Amino acid sequence: MPGIKIEKEDIIPDGQGEDLNELMQVRREKLAELRERGIDPFGQKYVRSNSAREITAGFESFDGREVTVAGRIMAKRVMGKASFAHIQDGSGRIQVYVRLNDLGQEGYDFFLKLDIGDIIGVRGTVFRTRMGEVTVSAAEVTLLSKCLRPLPEKWHGLRDVELRYRQRYVDLIVNPQARDTFVLRSRIIHYMRRFLDRKGFLEVETPMMHPIAGGATARPFITHHNALDMNLYLRIAPELYLKRLLVGGFEKVYEINRNFRNEGISTKHNPEFTMLELYQAYADYGDMMDLTEELISSTAREVLGSTSVVYEGAEINLAPPWKRMTMLEAVKQYTGLDFDGLKEGGAYREAKNLGLEVQPADSWGTILYTVFEEKVEPHLVQPTFIMDFPLEVSPLAKRKKDQPELTYRFELFICGREMANAFSELNDPLDQKARFLKQVEKRKSGDDEAHMMDEDYINALEYGMPPAGGLGIGIDRLVMLLTNSPSIRDVILFPLMKPRD
RNA sequence: GAGCCAUUAGCUCAGUCGGUAGAGCACCUGACUUUUAAUCAGGGUGUCGCUGGUUCGAGUCCAGCAUGGCUCACCA
């Protein structure tokens, strides 16, 4: 770190002044002993000829050849004057064989002092043991980084979920499954980018700090800019900025980035989460359905090799085409209620009969949405598009031509969970302004999740935004589905945790 | 925000009716030159989450607090 001078007395080589358990104390003593013998316990660059996986997978071409490998000691088996160890690198594990005869007394003693968890470099010859395991017979062992803390148990790994989240680095060392999940997450996002790039979408970055929090129904985080002495909101959605880009003439844009919502934490909610949002000019929500189907099914095929996934015991078939039904049809199918013929009072009575908490003042659309959420959503296990959401809950979506109380909006449900949200974008600035005003009314009456007025966004629409389809996909939830992870915290490397103490 | 559950050695976990704190891995000492959850012999390393209370005596019973998990609420 520049600007920070390290004084000699800042270095505590033997754990003085620290409350160390016996295991850590022993390792500090070994550290001090190494330094006394002139060995740097935290070494320099080490040139590796190969990864563990390259050698184990391609043994035939490595047999008898000298290689250099590096990794963390995960197991150590000492049998007197010869020893075995397993080291783990980014590709996997490989066994190392160490003999007194090869290393000499000093070198072999040095190896015996190494601990599980230490990171070492090994130069040696590849061979196969009597038991058939591809192994590097060491000619030289170099300590690259001393491990001062004992690793969790080799057989069970780290099970305590709290520790797994708080100390993800340990989780990643000892639980291969955790590692696999995050590799898969990376490949999923990488593939989605390639998919969209190939279709001519332009990846863009829009602000994370907003003077007005817009584009979603949610409570924002508030932060402060000192020099400008102004409060800013962390973004709850990039939507309004991305649509400004459509006004500006970009025709296909997307952003994969974080949103921040100041709400409860659960297995399905982290305060910061990753969304894909994309917008396509001259398209509509029908195009977005086709795109969603193609994107998610091809992602599964690409990273899992199959469009069939098992999530929490349920087999989910992601092969297109997916079921498409309107919200009115879905409510009718699962409750027998035909909202199409109901007025506000009738809708209220029927919802009450279903045992739902609704208010007499609630509008027809709000009640329809409530009935859908409560009575239909949990049944939507296989991928299902639910189309035509009520106007009141869709302030940024275009009205349906023939049913102005509904919008050209759909959500995708898988395993009873919302996976995607899309609509034909509202591009009428006057209608948009009226909808914002309605939201502002709701805000005034105490709904702090209602949208704020964004005058500049109206200004942009007044220049003319092409008709467009827009789509949002919750990446964390998609990764949960594709990795069979029960909690969103299993797919976020460092989920938010309360500090201890 | 509410309810239920959990918290014991570095890790994974037992702990009976309230009566001196246990195991496996890891670690330490010794034996062992192709082992692989290496094996064999010996060694227990602890603020039983924290703070109080009940009791002759609390890991165990009670209350409060902290952190986490699950369910619900809010939400995506």
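The paragraphs below set out a description of the structure included in this document. All values reported here derive from a predicted model rather than from experimental measurement. (Residues numbered from 1 in each chain as written. Chains lettered and ligands numbered in written order. Predicted model: local features only at pLDDT ≥ 70, side-chain atom pairs only at ≥ 80, totals over all residues. Heavy atoms only, no water.)

### What to know about helix H13 (residues 429-444)
In step 1: Here H13 is 16 residues long and its end C-alpha atoms lie 22 Å apart, about the 22 Å a rise of 1.5 Å per residue gives.
In step 2: Listed as buried for H13 are Pro 429, Asp 431, Gln 432, Arg 435, Phe 436, Gln 439 and Val 440.
In step 3: On its buried face, H13 sits against helix H8 (239-247) and helix H14 (455-462).
In step 4: Regarding H13, its N-cap is Asp 428, as a side-chain oxygen of that residue lies 2.9 Å from the backbone nitrogen of Leu 430 further along.
In step 5: Following H13 by one or two positions, Gly 446 adopts a phi angle in the positive range, close to 105 degrees. (Helix = DSSP H or I, 4+ residues; strand = E, 2+ residues; numbered from the N terminus. Expected span 1.5 Å × (residues − 1). Buried < 20%, exposed > 50% of the residue type's maximum accessible area, 1.4 Å probe, protein only. Contact = heavy atoms within 4.5 Å. Polar contact = N/O pair within 3.5 Å; in protein donor to acceptor, adjacent residues only side chain to side chain.)

### A few points about the packing of aromatic side chains
Given two aromatic rings, one states the distance between the centres and the angle between the planes to describe the pair.
In step 1: This model, assessed by the stated rule, comprises 13 aromatic pairs.
In step 2: Ring centres of Phe 84 and Tyr 97 lie 4.7 Å apart, and the angle between their planes is 25 degrees; on these two criteria the pair is classed as stacked. Residue Phe 84 is found in strand S2 (residues 82-89), and its partner Tyr 97 is found in strand S3 (residues 92-99); the two are separated by 13 residues along the sequence.
In step 3: Classification of Tyr 97 by relative accessible area gives buried; the value is 19%.
In step 4: Aromatic side chains Tyr 97 and Phe 127 sit 5.8 Å apart centroid to centroid with 50 degrees between the ring planes, which places their arrangement in the tilted category. Here Phe 127 lies in strand S4 (residues 119-128) and Tyr 97 lies in strand S3, a separation of 30 residues in the sequence.
In step 5: Taking relative accessible area as the criterion, Phe 127 reaches 24% and is therefore assigned partly exposed.
In step 6: An aromatic cluster is defined as three or more aromatic residues linked by ring pairs; in this entry it consists of Tyr 285, Trp 322, Phe 385, Tyr 408 and Phe 410. (Phe/Tyr/Trp six-rings, centres within 6.5 Å; stacked < 30°, edge-to-face > 60°.)

### A word on the protein's contact with RNA strand B
In step 1: As a matter of local geometry, RNA strand B sits amid 55 residues, with Asn 101, Lys 154, Glu 162, His 269 and Arg 489 nearest to it.
In step 2: When the atoms of RNA strand B within 4 Å of the protein are sorted by group, sugar and phosphate make up 60%.
In step 3: In the environment of RNA strand B, a base oxygen lies 2.2 Å from a nitrogen or oxygen atom belonging to the side chain of Asn 101.
In step 4: Residue assignment for the surface near RNA strand B shows that the elements contributing at least two residues are helix H1 (22-36), strand S1 (66-79), S2, S3 and helix H5 (161-166).
In step 5: Top contributing element to the surface near RNA strand B by residue count: H5, with five residues.
In step 6: Class assignment for the residues of the surface near RNA strand B results in 19 nonpolar, 13 polar and 23 charged. (Near = heavy atom within 4 Å. Nonpolar A, V, L, I, M, F, W, Y, C, P; charged D, E, K, R; others polar.)

### Here we look at the pairing of strand S12 (residues 308-311)
In step 1: The alternating pattern of S12 places Val 309 and Tyr 311 on a buried face, while none of Ser 308 and Val 310, on the opposite face, is buried.
In step 2: Here S12 pairs with strand S13 (residues 314-317) via four bridges, running antiparallel. If you follow Val 309 over to S13, its bridge partner there is Ile 316.
In step 3: The loop that links S12 with its antiparallel partner S13 comprises two residues; one of these, Glu 312, has a positive phi angle of about 45 degrees. (Pairing = 2+ DSSP bridges.)

### Focus on the side chain of Ser 424
In step 1: Looking at the secondary structure, you find Ser 424 in strand S17 (residues 417-424).
In step 2: For Ser 424, the residues in contact, after removing those within four places along its chain, are Asp 284, Tyr 285, Ala 397, Lys 398, Tyr 408 and Ala 468.

### Digging into the sheet that holds S3
In step 1: With respect to topology, five strands assemble into a closed barrel ordered S1-S2-S3-S5-S4, the strand pairing being mixed. Direction aside, neighbouring strands of the sheet carry axes that sit 55 degrees apart on average.
In step 2: Where S1 lies against S2, seven bridges are found, and the strand directions are antiparallel. Bridging across to S2, Lys 76 finds its partner in Ala 85. (Axes fitted to C-alpha atoms, helices over the stretch in contact; angles between N-to-C directions.)

### Concerning the nonpolar core
In step 1: One finds Leu 276, Leu 278, Leu 318, Phe 410, Leu 471 and Leu 481 to be the most contacted residues of the largest nonpolar core, which totals 47 residues.
In step 2: Broken down by element, the residue count for this core peaks at eight residues, all from helix H9 (residues 285-304).
In step 3: Of all hydrophobic cores here, the second largest spans 27 residues; its members include Val 69, Ile 73, Ile 87 and Val 126. (Core = buried A, V, L, I, M, F, W, Y, C linked by side-chain atoms within 4.5 Å.)

### Considerations on the sheet that holds strand S18 (residues 468-474)
In step 1: The sheet built from eight strands is open, its strands ordered S6-S10-S11-S18-S17-S16-S15-S14 with mixed pairing. Whereas interior strands pair on both sides, the edge strands pair on one side only; in this sheet they are strand S6 (202-203) and strand S14 (323-326).
In step 2: As paired strands, strand S16 (residues 409-414) and S17 are joined by six bridges and run antiparallel to one another. From the neighbouring strand, Phe 410 faces S17, where its bridge partner is Ala 422.
In step 3: This element, H8, spans strand S10 (252-260), strand S11 (272-281), S17 and S18 of the sheet and lies at about 20 degrees to S11.
In step 4: Contacting S11, S16, S17 and S18, helix H15 (residues 475-483) runs over the sheet at an angle of about 55 degrees to S18.

### Thoughts on unusual backbone geometry
In step 1: Between Pro 320 and the following residue, Pro 321, the backbone shows a cis peptide bond with an omega angle of 0 degrees.
In step 2: With respect to the element layout, Pro 321 can be found in the loop between S13 and S14.
In step 3: For Glu 312, which is not glycine, the phi torsion reads 45 degrees and is therefore positive.
In step 4: In this fold, Glu 312 is placed in the loop between S12 and S13.
In step 5: With a relative accessible area of 48%, Glu 312 lands in the partly exposed category.

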